[in-house]
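# Structural overview
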Amino acid sequence: MVSQLKTHVLLALAVAVVCLIGSPEALAAGTPDGDNGKAAPAGLAFRFDEDAFPAPAVQAGVAGSRKLSRLSLKLYGGYSHVAAGDVNAGSDFYFELLEIYDSKGVGTVTGSYKPVHGGLDVGADLIYQVTPNIGLGLGAGMLRSSSRSVGTWSIDDDLITITVDPTLSAIPIRLGVFVTVPVSGTIDLTADAGSAYYAGLKFDMTQRVDEGPDDWAELSIASTRAGSPNIGFHGSLGLEYRLSPRMGLFVEAAGRYAKLPNFDAVTWGLRTSDGISDTADGKLYLETITSQSVTLSMFTVEDPPPPDEPGTTFREPKFDLSGFSLRAGIRIRF
């Protein structure tokens, strides 16, 4: 039984390969038999005459290792760096004050503001191969960057502690073109480019001032409604190592441009140790105060829009996710 099954499998494979590489004329002509001079069937000649047909056997092996898989899934995770210029300009207000006190020798200052830059980048792309080298992909992921800054200001017998926790996050939904270029039997050069819609854009910030264990105030800002469509662009370049025809490991560097508009509305909140609790909805603005050689910037929530005044200007902030990512992951071909 095993012998018969093996024979049937070998015969089926031989017929399939001949159909792929042979022409109808070649199949009909056959190959001369060395013993009796008669023409043998082309399928049997391919199976048994290795001296006459070495090339097709090698080509079949290569074709099998690089057989086109129409669908593949990329799963990745890594480090993300975002610009977040206005986020940092509005979040570091108290630390700008501490720097002024320190420069003028007023009290003793420790700590400094840590900008929002580094974070997490995870996601997945489903890719359909149009050709062996070019594919179209649809993907989704998550970007999240945050920081925590702690500083103190001591003067006389008073010690004031400042804590700031801003967080910026979004869910990019990407559409792109993926290019794969083999550089060896197991290594591919990969690249992609496209656009993304940054759904679920969120900005949250908490600023807390402690003047003692029983004397504190906490200000919070939380985004509630996104603004205009949040569109950005991205691209990447990487290398993939094929563990098998169906699976590979990859590393890549990705860049993106995503300078996103202001929110339609945010919620401002205030809590104090005296039991005060208050909230308000409005639009977020970046307020800049200039006095002599001193410039301070801070977030403020206003409704209606505030007018500029001498020495004070207001503008809507941008939420800049532009930057780069360093990622690693696995690609599975179906």
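The numbers attached to residues start from 1 for each chain and follow its sequence in the written order. Confidence filtering applies because this is a predicted model: local features only for residues at pLDDT of at least 70, side-chain atom pairs given and counted only at 80 or more, and all residues used for totals across whole chains, interfaces and linings. Heavy atoms from the whole structure form the basis of all side-chain values; hydrogens and water molecules are not counted.

It is worth spelling out the pairing of strand 12 (residues 247-257) at this point. Burial along strand 12 is one-sided: the residues Gly248, Phe250, Glu252, Ala254 and Arg256 are buried and none of Met247, Leu249, Val251, Ala253, Gly255 and Tyr257 is. Inspection of the sheet shows strand 11 (residues 231-244) paired to strand 12 by eleven bridges, in the antiparallel sense. Across the sheet, residue leucine 239 finds its bridge partner in strand 12, namely valine 251. The pairing criterion for strands is at least two bridges between them, as found by DSSP. Comment: elements are numbered from the N terminus, with helices defined as DSSP H or I runs of at least four residues and strands as E runs of at least two. The loop that links strand 11 with its antiparallel partner strand 12 comprises two residues. Each residue's exposure class comes from its accessible area (1.4 Å probe, protein chains only) as a fraction of the maximum for that residue type: buried when under 20%, exposed when over 50%, partly exposed otherwise.

Moving on to the pattern of salt bridges. Salt bridge criterion: a side-chain nitrogen from Lys or Arg within 4 Å of a carboxyl oxygen from Asp or Glu. A complete count under the given rule lists 13 salt bridges for this structure. One salt bridge connects lysine 74 with glutamate 252, and the closest N-O pair in it is separated by 3.2 Å. Here the residue lysine 74 occupies a position in strand 3 (residues 71-82), and glutamate 252 occupies one in strand 12, the gap between them amounting to 178 residues. Since its relative accessible area comes to 5%, lysine 74 is described here as buried. Classification of glutamate 252 by relative accessible area gives buried; the value is 6%. The closest approach of N and O atoms between glutamate 240 and arginine 333, which form a salt bridge, is 2.8 Å.

This part takes up the side chain of threonine 288. Along the chain, threonine 288 falls in strand 15 (residues 277-291). Since its relative accessible area comes to 19%, threonine 288 is described here as buried. Counting of polar contacts relies on pairs of N or O atoms within 3.5 Å, with two restrictions inside protein: one atom must be capable of donating a hydrogen and the other of accepting it, and residues adjacent in sequence are counted only when both atoms are side-chain atoms. Of the polar contacts made by the side chain of threonine 288, one reaches the side chain of serine 297; its length is 3.4 Å. Among residues more than four places away in sequence, those in contact with threonine 288 are Thr295, Leu296, Ser297, Gly311, Thr312 and Thr313. Two residues qualify as a contact provided that any one of their heavy atoms is within 4.5 Å of a heavy atom in the partner residue.

Put plainly, a pocket is an open set of points on a 1 Å grid over the protein atoms alone with protein on both sides within 12 Å along at least five of seven lines, a cavity is a set where a 1.4 Å probe fits but cannot get out, and a lining residue has an atom within 4 Å of a point. Grid points are joined across faces, edges and corners, and a volume is the space filled by probe spheres set on the points. Under the definition given, this model contains one cavity of 30 Å³ or more. Its volume calculated, the largest cavity comes out at about 170 Å³. Those elements that place two or more of their residues in the lining of the largest cavity are strand 5 (118-129), strand 8 (158-182), strand 9 (187-212), strand 11 and strand 12. Its residues assigned to classes, the lining of the largest cavity comprises six nonpolar, four polar and six charged. Three residue categories are used. Nonpolar comprises Ala, Val, Leu, Ile, Met, Phe, Trp, Tyr, Cys and Pro, charged comprises Asp, Glu, Lys and Arg, and polar comprises the others, including Gly.

Taken together, Asp156, Asp157, Asp158, Glu211, Asp214, Asp215 and Asp274 make up a surface patch of like negative charges. Mapping aspartate 214 onto the fold places it in the loop between strand 9 and strand 10 (215-225). Among the residues examined, aspartate 214 registers a relative accessible area of 69% and is labelled exposed. Residues with no salt bridge and a relative accessible area higher than 30% make up the patches, which join like charges within 9 Å and nonpolar side chains (Val, Leu, Ile, Met, Phe, Trp, Tyr) within 5 Å. The accessible surface values rely on the Shrake-Rupley method and a 1.4 Å probe; as for residues, cover is taken only from the protein chains in view. His is not counted, nor are the chain ends; Lys and Arg add positive charge and Asp and Glu add negative charge. By convention, the charge on Lys lies at NZ, on Arg at CZ, on Asp at CG and on Glu at CD.

Moving on, we come to the environment of lysine 259. If you trace the backbone, lysine 259 turns up in strand 13 (residues 259-260). Here lysine 259 falls in the partly exposed class, since its relative accessible area comes to 45%. Separated by 175 residues in sequence, lysine 259 and alanine 84 have C-alpha atoms that sit 8.8 Å apart.

When you line up the elements, leucine 143 lands in strand 6 (residues 134-146). For the pair formed by leucine 143 and tyrosine 198, sequence separation is 55 residues and the distance between their alpha carbons is 9.5 Å. Leaving out residues up to four positions away in the same chain, leucine 143 has contacts with Ser80, Leu120, Asp121, Leu168, Ser169, Ala170, Pro172, Tyr198 and Arg256.

All right, on to helix 6 (residues 93-103) then. Taken together, the buried positions of helix 6 are Phe93, Phe95, Glu96, Leu98 and Ile100. On its buried face, helix 6 sits against helix 5 (85-91), strand 4 (108-110), strand 7 (149-155), strand 8 and strand 16 (294-302).

Further remarks concern the nonpolar core. With 32 residues, the main nonpolar core has Phe203 and Leu321 as its most contacted residues. Taken together, the elements giving at least two residues each to this core come down to helix 6, strand 8, strand 9, strand 15 and strand 16. Considering each element in turn, this core owes the most residues, six residues, to strand 9. When neighbours within four sequence positions are excluded, phenylalanine 203 is seen to be in contact with Val87, Ser91, Pro166, Thr167, Leu168, Ile221, Ala222, Ser223, Phe263, Leu284, Phe299 and Phe319. For the purposes of this section, nonpolar cores are sets of buried Ala, Val, Leu, Ile, Met, Phe, Trp, Tyr and Cys residues that join through side-chain atoms within 4.5 Å.

A few words now on the packing of aromatic side chains. The relative placement of two aromatic rings is captured by the distance of their centres and the angle of their planes. Think of it this way: a Phe, Tyr or Trp ring, Trp meaning its six-membered ring, pairs with another when their centres are within 6.5 Å, and the plane angle makes it stacked under 30 degrees, edge-to-face over 60, tilted otherwise. Counted by the stated rule, this structure contains seven aromatic pairs. Members of the aromatic cluster, connected to one another through ring pairs, are Phe203, Phe263, Phe299 and Phe319. Whether a charge sits over a ring depends on NZ of Lys or CZ of Arg being within 6 Å of the ring centre and within 35 degrees of the ring normal. The residue whose ring lies beneath lysine 74 is phenylalanine 250, and the NZ or CZ to ring-centre distance is 4.5 Å.

Along the chain, the position of alanine 199 falls in strand 9. Residue alanine 199 is classed as buried on the basis of its relative accessible area, which comes to 16%. In the structure, alanine 199 is positioned 29 residues away from alanine 170 in sequence and 6.1 Å away in space, judged by C-alpha atoms. Once you skip the residues sitting within four places of it in the chain, alanine 199 turns out to touch Ala170, Ile171 and Ile173.

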